[in-house]
Amino acid sequence: MSSVRRISSAKRAQANVVDSSAWLAYFTDEPSAPHFANAIEDVDRLVVPAICLTEVFKVVARQRGEGDALQVAAVMQQGRVIELDATLALSAAALALEYKLPLADSIVYATARLVDGMVWTQDNDFEHLPHVQYVLKSRAR
């Protein structure tokens, strides 16, 4: 069993932790974008793991240029950005081992645990985890 604190299933999620896949769907207006819109646009409850800033900035800069990437980063930073510190890193490592998650996903999930939040994603690594709103990624149009 992981040493990471568990969230009671009766507790309502107070924060929306949006994964990079959901951000990219939203910014590129994929068919799944409306599923994530409320979580992203409710900036008072929006929590952004710093790793998501890195991932989204990189993809947008590669596809559309640094100017667009900076605009996207500014939108993301309207939420509360959570930096990766030693405590969060160790929690992420424990979750990565427990759920067999890749590095960035384990940081996102640990961040959600930290803030008693709900993860919003279309990344199938999260599909069967508790406290996750998963939507199947849309095929190319």
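See the structure shown above.
Given the structure is predicted, the values throughout are model-derived calculations rather than measurements. (Residues numbered from 1 in each chain as written. Predicted model: local features only at pLDDT ≥ 70, side-chain atom pairs only at ≥ 80, totals over all residues. Heavy atoms only, no water.)

(A) Just the packing of aromatic side chains, in detail. Throughout the structure, instances matching the rule amount to four aromatic pairs. Between Y99 and Y109, the aromatic rings sit 5.7 Å apart at their centres with planes inclined by 90°, giving edge-to-face as the arrangement. Of this pair, Y99 sits in helix α5 (residues 86-99) while Y109 sits in helix α6 (residues 103-114), and the two are 10 residues apart along the sequence. Residue classification places Y109 among the buried positions, given a relative accessible area of 1%. Feature note: the residues W23, Y26 and F27 constitute an aromatic cluster, connected by ring pairs. (Phe/Tyr/Trp six-rings, centres within 6.5 Å; stacked < 30°, edge-to-face > 60°. Helix = DSSP H or I, 4+ residues; strand = E, 2+ residues; numbered from the N terminus. Buried < 20%, exposed > 50% of the residue type's maximum accessible area, 1.4 Å probe, protein only.)

(B) Representation of the side chain of S21. On the secondary structure map, S21 appears in helix α1 (residues 20-27). One polar contact links S21 to T121, side chain to side chain, over a distance of 3.1 Å. A polar side-chain atom of S21 sits 3.4 Å from the main-chain amide nitrogen of D123. (Polar contact = N/O pair within 3.5 Å; in protein donor to acceptor, adjacent residues only side chain to side chain.)

(C) Representation of the pairing of strand β2 (residues 46-49). Residues L46 and V48 point to one face of β2 and V47 and P49 to the other, with burial holding for every one of them. Here strand β1 (residues 15-18) runs beside β2; their pairing, made up of two bridges, is parallel. From the neighbouring strand, V17 faces β2, where its bridge partner is V47. Bridging between β2 and strand β3 (residues 80-82) involves three bridges; their strand directions are parallel. Note on β3: the bridge partner recorded for P49 is I82. (Pairing = 2+ DSSP bridges.)

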